[in-house]
Amino acid sequence: MTEFDVSADVEAVVEDRDIPEDLREDVYRVVEERSLSVEAADEIAKAVENRYRETRVEPLDPVGTVSAQSIGEPGTQLTMNTFHYAGVAEIDVTQGLPRLIELVDARKTPDTPMMTIYLEDEYAESRERAHEVVWQLEATKILALGDVSTNVADMNVSIDLNPDTLQERWPTVADTGEIAGEIAEIIEDSLGVTTIQKGTNVQFGPEEPSYRDLLQLVEELREITFKGIEEISRVVIRKEDVETPEDEEREEFVLYTEGSSFGDALEIEGVDASRSSCNNIHEIHRTLGIEAARETIIEETNDTLKEQGLDNVNVRHLMLVADMMTNRGEIESIGRHGISGSKESVLARAAFEVTVNHLLDAAIHGEVDDLNGVTENVIVGKPIKLGTGDVDLRMGSLSKSGEQAD
Amino acid sequence: MPGKQRYNRYEKARILGARALQVSYGAPVLIETDQTEPILIAAEEYDAGALPFTVRRGRGDE
């Protein structure tokens, strides 16, 4: 069962204890290192079990309040500046408090969307192959492909495509004329004009001679995405040491994108969908589902805190937040528009914001408050259902053996 | 063992509080003790396992 070299007896006594898997492995490790007897192993396992029980969260603990404080306190130490470069070279990523707020508010699009794209084996090892993926990702506009000149006398626009650039960005097509043809077709489709193509030169003009239409066409031409994903404005390639699933380190190329479109990116050949990720939790939710979104919320909040040197926040607090945000099957924000705003109790909502409106609405609709939550009970002066307040104590003992002292 | 219940700190506090209140109102003390403070008497009774309380736990915990 275990990878450590311990006797079956040791394994039996340790398995018997109610402790989690990773702690159990730790026990085996110690037993192996010091070649301990079965009795000693049992003693250790017992001590570990006791300690583990003591450190567990007890029933009736106010875990939400503890989490709020445990995230809130380090939160006061976060930077309030919006921009700062992250570990990634040259890409600006929102950091610190604004990023944390963004995550907890579940914004539809983050301030600085980005993706981290890992590549499949053959693409990850060579810079050329990695570049092929880059051209599939990065949005290519006309200005990157060649020179555009406007001829007012002949009422036409002339594009001189750069053959080297074409060859580089369309590595699968050998003939540059063919690529230029493709480009001309895209122009025809999106602008509704007829084009004349000669080699790598493409010309077109407005149907009726009109100075304004001509300029309009040039404007629109600049907006067309010829290749890649519209949302992705820039891609940075970095060579990084990555740990493989077999626990080995190896160097591979990793892509960082400015702008994101996670679903589209995963479709591209060479992209390793199992490792790639995105900092927009809604895109993750749409493409990979709610569990992945939960995981991403935990990762992103944890990384945001870590980046500022606050890595001593227990993940369980972040997990609780992520669970609360996702447990209805879709991402909900914390705060007025999300979880706090959808509370059942009138009094709890009234205590939170716009008191009079809530009370008035509740009165008009004849709402009933069952006084189940904490806030309501504080308002009416009853014990709250937490800690000592939620112990249901009865007189009389059910058994004759009496109580056990702690 | 049947009836053997481990109380957590909230349950213990609740039990001690309830018992101390009874003692302060003049309930007969269930053990021999030198203590005079109701809460300390309650604590000794708790340690001796003499208190006739049951904690009902609604959710399926240990």
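It should be emphasised that the depicted structure is a prediction, and the values quoted were computed from it without experimental measurement. (Residues numbered from 1 in each chain as written. Chains lettered and ligands numbered in written order. Predicted model: local features only at pLDDT ≥ 70, side-chain atom pairs only at ≥ 80, totals over all residues. Heavy atoms only, no water.)

**A closer look at the overall build of chain B**
Okay, step 1: From N to C terminus, chain B includes 2 helices and 1 strand.
Okay, step 2: Mapped from its N terminus to its C terminus, chain B presents α and β elements in the order α-α-β.
Okay, step 3: By the burial criterion, 31% of the 62 residues in chain B qualify as buried.
Okay, step 4: Looking at chain B alone, contacts between residues at least 24 apart form 41% of all its contacts between residues at least 6 apart. (Helix = DSSP H or I, 4+ residues; strand = E, 2+ residues; numbered from the N terminus. Buried < 20%, exposed > 50% of the residue type's maximum accessible area, 1.4 Å probe, protein only. Contact = heavy atoms within 4.5 Å.)

**A look at the domain arrangement of chain A**
Interface size, as often reported, equals the accessible area lost upon joining of the parts.
Okay, step 1: What the domain assignment lists for chain A is domain 1 (8-54), domain 2 (61-90 + 99-107 + 289-340), domain 3 (140-223) and domain 4 (343-390).
Okay, step 2: Centre-to-centre separation of domain 3 of chain A and domain 4 of chain A, based on C-alpha positions: 65 Å. (Domains from an automatic or database assignment.)

**Focus on the environment of A:A45**
Residue and element names in this part refer to chain A.
Okay, step 1: Within the secondary structure layout, A45 lies in helix α3 (residues 38-55).
Okay, step 2: Separated by 271 residues in the primary sequence, A45 and R316 place their C-alpha atoms 24 Å from one another.
Okay, step 3: Apart from residues lying up to four places away in sequence, A45 is in contact with V14 and R17.

**Description of the nonpolar core**
Nonpolar side chains tend to gather and get buried jointly when the protein is soluble and globular.
Residues and elements named next belong to chain A.
Okay, step 1: In this structure, L161, I183, I187, F204, L221 and F226 are the most contacted members of the largest nonpolar core, which totals 24 residues.
Okay, step 2: Of all the elements in the fold, those that place two or more residues in this core are β5 (156-161), α9 (176-191), β7 (201-204) and α10 (211-223).
Okay, step 3: Considering each element in turn, this core owes the most residues, 6 residues, to α9.
Okay, step 4: When residues no more than four places from it in sequence are discounted, the contact partners of F226 are T140, K141, I142, L145, W170, I183, I186, I187 and L221. (Core = buried A, V, L, I, M, F, W, Y, C linked by side-chain atoms within 4.5 Å.)

**Quick word on the pairing of β7(A)**
All names here are of chain A.
Okay, step 1: Relative to β7, β5 runs antiparallel, the two sharing 4 bridges. Of the residues in β7, the one forming a bridge with V157 is F204.
Okay, step 2: Taken together, the 4 bridges between strand β6 (residues 195-198) and β7 define a ladder with antiparallel strand orientation. Paired with I196 across the bridge in β7 is Q203.
Okay, step 3: Linking two consecutive strands that pair antiparallel, namely β6 and β7, is a turn of 2 residues; a positive phi of about 60° is found at G199 within it. (Pairing = 2+ DSSP bridges.)

**Digging into the sheet that holds strand β9 (residues 249-258) of chain A**
Whether parallel or antiparallel, the strands of a sheet pair through hydrogen bonds between backbone atoms.
Okay, step 1: Across the sheet, 4 strands lie side by side as β8-β9-β3-β10 (chain A); this open sheet has antiparallel pairing. Pairing within the sheet leaves two strands with one partner each, and these edge strands are β8 (234-243) and β10 (277-278) of chain A.

**Brief notes about the sheet that holds strand β4 (residues 146-151) of chain A**
Residues and elements named next belong to chain A.
Okay, step 1: Pairing in this open sheet of 4 strands is antiparallel, and the strands run β4-β5-β7-β6 from one edge to the other. Two strands in the sheet have a free side with no partner beyond their single neighbour: β4 and β6. Adjacent strand axes in the sheet meet at a mean angle of 15° when their direction is disregarded.
Okay, step 2: Helix-sheet contacts for α9 involve β5, β6 and β7, and the interaxial angle to β6 is about 170°. (Axes fitted to C-alpha atoms, helices over the stretch in contact; angles between N-to-C directions.)

**Some thoughts on the confidence of the model for chain A**
Note: predicted coordinates in regions of low pLDDT should not be interpreted at a detailed level.
Residue and element names in this part refer to chain A.
Okay, step 1: Mean pLDDT over chain A: 85, with 94% of residues reaching 70 or higher.
Okay, step 2: The least confident element of chain A, judged by mean pLDDT, is strand β1 (residues 83-85) at 58; the most confident is helix α12 (residues 281-288) at 95.
Okay, step 3: Confidence over residues 400-406 falls short of pLDDT 50; this stretch has 17 contacts with residues more than four positions distant or in other chains. (pLDDT = per-residue confidence, 0-100.)

**Quick notes on the packing of aromatic side chains**
Okay, step 1: In total, this model carries 1 aromatic pair over all chains according to the counting rule given.
Okay, step 2: Directly above the ring of A:Y123 sits A:R129, whose terminal nitrogen or CZ lies 4.6 Å from the centroid. (Phe/Tyr/Trp six-rings, centres within 6.5 Å; stacked < 30°, edge-to-face > 60°. Lys NZ or Arg CZ within 6 Å of the ring centre and 35° of its normal.)

**Observations concerning helix α4 (residues 63-75) of chain A**
Turn by turn, an α-helix covers 3.6 residues, leaving residues three or four places apart pointing in a common direction.
Okay, step 1: An ideal rise of 1.5 Å per residue puts 18 Å on 13 residues; α4(A) measures up with 18 Å between its terminal C-alpha atoms.
Okay, step 2: Where α4(A) is buried, its residues touch α5 (96-104), α13 (290-307) and α14 (315-326) of chain A. (Expected span 1.5 Å × (residues − 1).)

**Some remarks on unusual backbone geometry**
Residues and elements named next belong to chain A.
Okay, step 1: At L60, a residue that is not glycine, the phi angle is positive and equals roughly 80°.
Okay, step 2: Among the structural elements, L60 can be located in the loop between α3 and α4.
Okay, step 3: Backbone geometry places L371, a non-glycine residue, at a positive phi of 55°.
Okay, step 4: For L371, the position within the fold is in the loop between α16 (355-365) and α17 (374-380).

**Quick notes on the packing of α12(A) against α13(A)**
All names here are of chain A.
Okay, step 1: Taken N-terminus to C-terminus, the directions of α12 and α13 make an angle of 150°; their axes are 7 Å apart at the nearest point. Classed by the angle they form, the pair α12 and α13 counts as roughly antiparallel. With respect to the hand of their crossing, α12 and α13 are arranged in right-handed fashion. Every residue of α13 that contacts α12 at I281, I284, H285 and L288 is listed here: I290, A292, A293, T296 and I297.
Okay, step 2: By residue class, the composition of the contact of α12 with α13 is 7 nonpolar, 2 polar and no charged. (Parallel < 35°, antiparallel > 145°, perpendicular 65-115°, else oblique. Left-handed = near helix turned anticlockwise from the far one by under 90°. Nonpolar A, V, L, I, M, F, W, Y, C, P; charged D, E, K, R; others polar.)

**Section: the side chain of A:D61**
Okay, step 1: Within the secondary structure layout, A:D61 lies in the loop between α3 and α4.
Okay, step 2: Among the residues examined, A:D61 registers a relative accessible area of 19% and is labelled buried.
Okay, step 3: Setting aside its immediate chain neighbours within four residues, A:D61 contacts A:L386, B:R9 and B:Y10.

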